[in-house]
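Below, each chain spelled out in residue letters.
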Amino acid sequence: MAEVQTPVVSTPAQGGASAPTPGKASSVKKKQNKRKLRNGIITVVVLAALGVGGYFLYGFLNKTEEVNTEMQTAEANFGMIQSSVQGSGSARAKESAAITLTQSGVVQQLYVNAGDVVTAGQPLYTIFSQAAQDEVASRQADLQKAQEALADLQREMSDLYKQQNNLTVRAPFAGKIVEVSKFTEGLDVSKGAKVCTLVNDRQLKLSLYFSYAYEDTISVGQEVNVSIPAVMGSFTGKVETINKVHYISPEGSDNFEVVVVFNNPGTLTEGMDATASLTAGDGSPIYPYQNGKTEYYEVRDVVTEAGGPMVSQNLLRYADVQEGDTLLVMSSDTIDEELRGYRDRIETGEKAVTNAREALEKSQEALKDFDAVAPIDGTVTSCTLTEGGEVKSGDTVITISNTTTMVVTISVDDRNIAYVKPGMGVDLMSNWGDGGSFYGVVTKIDMSLSGDSMGSGMTNYPVTLEVDNLSGTLLEGMWLSYSFVTSQSDNCIVVPMQSVKYVSLDDGETASVVFIQADSKPENAVDLDIPDLMPGETPTYPSQEDGYYAVTVETGLSDNYNVEIKSGLEGGETIFVNYFVQQAWG
């Protein structure tokens, strides 16, 4: 087939430029292809570089730290170990007294100054204080008032106890009930209420008047013959009382009274006409001016001496009773309640008296401070007084310290406190200037005060030392260092403190163990669950694969570095102490 060629029409370029020639077009195309190839190569190289860099960056960021550990061991040796106490404390005077005023005043005389040595009882000063004297007078008045109030309460309570004993009303004498009051069971009977009228009808009395002509003839105790016409009987009686009154009869005679008493056979009563005759010394009869009427020997209204709800009664009119017979019984509920109230009030009153007495004693002691003497032997360490000067309440005017014996308080923990005994000596060293040594003696161990020392878990106890200071070189406030051995063990097994580990056993108990090197498992070894190490993790304990076994031990004394092993080791064993850790970075 013949080749057909299509004619190409040439189009003028914009701007009037002529169209490229066939040679120039080929050259441009080659340049474009070359540029594309170069860009592709650059892209490949960049991607490769990024991939390699990312790989190394990932490896760097995720690289595990290399841990190199070296086991530290020691030998369980025989030796000596001491437990000691060290520390420091400040010195203070064993005795010190300060006088502080409670009221204002004016200094009248001053006998001492700061630095003076005084003895107990030596006058110090005189201060006039009207306020202090007024305070004492006021406190005395308060005490007297409180005592009087308490005495009133005690009397009232005593009356209540008496009333409590009188809740049962009894017949005061043998006789007959002639009048009764009505009471209802359960209702209150008031104190002083009339219960009944009781008469002594076992005897009767007769009041007669005789002429003063018989004044010297009639005497007390003289026998009398009593006649009662109503019963046509005669009864023998006696003169009980002679009253030298003056009864003037209508006929003008002067008469005195004679009271005659005679027994009642049971058929007589009051108000019966009766007469009596006596016999003179010459045997002649003596008759009264006129007849009289019989009376009961005694008539008494029985009243309650206490109040309370009525429980029971035995009140029948005209009933005969014997002395002590029960007439009325009342409950003690009301009085018991009152007594409880009085007990509380008396307790409050007693406290008020105690407080008032203490306040008075305090004000009296305070008054002594205005005309004071030295309370102790010592040196006046401060004095703020000047003669004629004023003082105010609350001013501490004199301080005296006895520095011949100083006191230092030290602290001993619970590991060593059992070894500290009264009388034990302790060497002390001054921390001031060129120093100086002192000797203290344990005088007091206070087991009641304890506390945790800086979170260490140890309980500390204050121990008091006394130091002789006759030379006066130990000053108050001076800091002293101390160190003394509390206990010691000789020829014992000693290991480094870090070698003793505290682990939890399978039963949950905590045990003290030491890892020893051995060819085979010892009898006293315990199995521990030691977890496998992760890459980069530091080991804690050696394993049995390393040739080390954990054996339980009993510890004893310890110092800052070593500890005594009382059981569990025989001595001479190689023991694990710790791991040294070295770190290296890639």
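Residues numbered from 1 in each chain as written. Predicted model: local features only at pLDDT ≥ 70, side-chain atom pairs only at ≥ 80, totals over all residues. Heavy atoms only, no water.

For the rest of this paragraph, the subject is the overall build of the protein. Counting secondary structure elements, the protein contains three helices and 33 strands. Scored against the burial criterion, the 586 residues of the protein give a buried share of 33%. In the protein, once contacts between residues fewer than 6 apart in sequence are set aside, the share between residues at least 24 apart is 75%. Just so you have it, the protein exposes about 35,700 Å², and 49% of that area is on carbon and sulfur atoms. (Helix = DSSP H or I, 4+ residues; strand = E, 2+ residues; numbered from the N terminus. Buried < 20%, exposed > 50% of the residue type's maximum accessible area, 1.4 Å probe, protein only. Contact = heavy atoms within 4.5 Å. Areas by Shrake-Rupley, 256 points an atom, 1.4 Å probe, with all protein chains shown as cover.)

To continue, consider the nonpolar core. Membership of the largest hydrophobic core comes to 33 residues, with the highest contact counts inside it found for V195 and L327. V178, F210, F256 and V258 belong to the second largest nonpolar core, which has 25 residues in total. (Core = buried A, V, L, I, M, F, W, Y, C linked by side-chain atoms within 4.5 Å.)

On to the sheet that holds strand β3 (residues 105–110), then. Taken in spatial order, the three strands make up an open sheet running β5-β3-β20, and their pairing is antiparallel. Taken across any chain shown, the strands that pair with only one partner, and hence form the sheet edges, are β5 (125–128) and β20 (390–391). Pairing of β3 with β5 involves four bridges; the strand directions are antiparallel. Note on β5: the bridge partner recorded for Q109 is T126. (Pairing = 2+ DSSP bridges.)

Negative charge collects at one region of the surface, where D506, D507, E509 and D529 lie side by side. Along the chain, D507 turns up in the loop between β27 (501–504) and β28 (510–517). (Patch = residues over 30% accessible without salt bridge, like charges linked within 9 Å, V, L, I, M, F, W, Y side chains within 5 Å. Salt bridge = Lys/Arg side-chain N within 4 Å of Asp/Glu carboxyl O. Lys, Arg positive; Asp, Glu negative; His and termini not counted. Charge placed at Lys NZ, Arg CZ, Asp CG, Glu CD.)

What follows concerns the packing of aromatic side chains. Enumeration over the complete set of coordinates arrives at seven aromatic pairs. The interplanar angle of 20 degrees and the centroid separation of 5.2 Å between the aromatic rings of F515 and Y541 together place this pair among those described as stacked. Taken together, the residues F515 in strand β28 and Y541 in the loop between β29 (525–526) and β30 (548–552) connect sequence positions 26 residues apart. Judged by relative accessible area, which is 1%, F515 ranks as buried. Ring geometry for F576 against Y579: centres 5.1 Å apart, planes inclined by 55 degrees, an arrangement best described as tilted. You'll find F576 and Y579 in the same group, each marked buried. The cationic tip of R345 hangs over the ring face of Y342; the distance from NZ or CZ to the ring centre is 4.8 Å. (Phe/Tyr/Trp six-rings, centres within 6.5 Å; stacked < 30°, edge-to-face > 60°. Lys NZ or Arg CZ within 6 Å of the ring centre and 35° of its normal.)

Moving on, we come to the side chain of T464. Relative to the helices and strands, T464 is located in strand β25 (residues 459–468). Setting aside its immediate chain neighbours within four residues, T464 contacts V407, V408, T409, V441, V442, T443 and K444.

Another point: the layout of surface pockets. Size it by volume and the largest pocket reaches roughly 350 Å³. Along the wall of the largest pocket there are 16 residues; nearest its centre are S84, V85, Q86, R415 and N560. Listing elements by their share of the lining of the largest pocket, those giving two or more residues are β2 (77–100) and β21 (396–413). At five residues, the largest contribution of residues to the lining of the largest pocket is made by β2. Along the lines of polarity and charge, the residues of the lining of the largest pocket split into four nonpolar, nine polar and three charged. For the second largest pocket, the calculated volume is near 270 Å³. Along the wall of the second largest pocket there are 15 residues; nearest its centre are I530, P531, L533, T540 and Y541. Residue classes in the lining of the second largest pocket are distributed as eight nonpolar, three polar and four charged. (1 Å grid on protein atoms, 1.4 Å probe; cavity = no way out; pocket = protein on both sides within 12 Å on 5 of 7 lines; lining within 4 Å. Points joined across faces, edges and corners; volume = space filled by probe spheres on them. Nonpolar A, V, L, I, M, F, W, Y, C, P; charged D, E, K, R; others polar.)

Here we come to the side chain of D413. With respect to the helices and strands, the residue D413 is situated in strand β21. Here D413 is in contact with M458, T459 and N460, once residues within four sequence places are set aside.

We now examine the pairing of strand β9 (residues 194–211). Each regular strand displays side chains that alternate between the two surfaces of the sheet. Here strand β7 (residues 175–180) pairs with β9 via four bridges, running antiparallel. In the sheet register, I177 faces β9, and the bridge partner there is L198. Relative to strand β15 (residues 292–303), β9 is paired through nine bridges, and the arrangement is antiparallel. For T197, the partnering residue across the bridge sits in β15 and is D301. Of the pairings in the sheet, the one linking β9 to strand β12 (residues 254–263) comprises nine bridges and is antiparallel in character. Bridging across to β12, Q203 finds its partner in N263.

Position of G192 among the secondary structure elements: in the loop between β8 (188–189) and β9. Taking C-alpha positions, G192 is 5.4 Å from V303, a pair spaced 111 residues apart along the chain. Beyond its immediate stretch of four places on either side in the chain, G192 contacts V303 and T304.

This part covers a nonpolar patch on the surface. On the surface, a cluster of nonpolar side chains totalling about 330 Å² of accessible area is made up of W432, L475 and W479. Considering the arrangement of structural elements, one finds W432 in the loop between β22 (425–430) and β23 (437–445).

Time to look at helix α3 (residues 333–368). Compared with the 52 Å implied by 1.5 Å per residue over 36 residues, the 52 Å span of α3 between its first and last C-alpha is a close match. Within α3, the full set of buried residues consists of I335, L339, Y342, I346, G349, V353, A356, L360, S363 and A366. In the core, the buried residues of α3 are packed alongside α2 (130–165). (Expected span 1.5 Å × (residues − 1).)

To continue, consider the sheet that holds β8. As summarised here, the arrangement of the four strands in space is β6-β18-β16-β8, forming an open sheet in which the pairing is antiparallel. Each having just a single partner strand, β6 (168–170) and β8 make up the two edges of the open sheet. The pairing of strand β16 (residues 308–313) with strand β18 (residues 326–330) spans three bridges and is antiparallel. Among the inter-strand pairings, S312 is bridged to a residue of β18, identified as V329.

On to the pairing of β12. Burial analysis of β12 places eight of its 10 residues in the buried class, the great majority of the element. Relative to β12, strand β11 (residues 233–248) runs antiparallel, the two sharing eight bridges. The partner of G237 across the bridge, within β12, is F262. Hairpin connection from β11 to β12: five residues lie between these consecutive antiparallel strands, with G252 at a positive phi of about 95 degrees.

This part covers the packing of α2 against α3. Between α2 and α3, the least distance of the axes is 8 Å, while the angle of their chain directions is 160 degrees. The angle between α2 and α3 places the two elements in the roughly antiparallel class. For the element pair α2 and α3, the recorded crossing hand is left-handed. By residue class, the composition of the contact of α2 with α3 is 19 nonpolar, nine polar and 10 charged. (Axes fitted to C-alpha atoms, helices over the stretch in contact; angles between N-to-C directions. Parallel < 35°, antiparallel > 145°, perpendicular 65-115°, else oblique. Left-handed = near helix turned anticlockwise from the far one by under 90°.)

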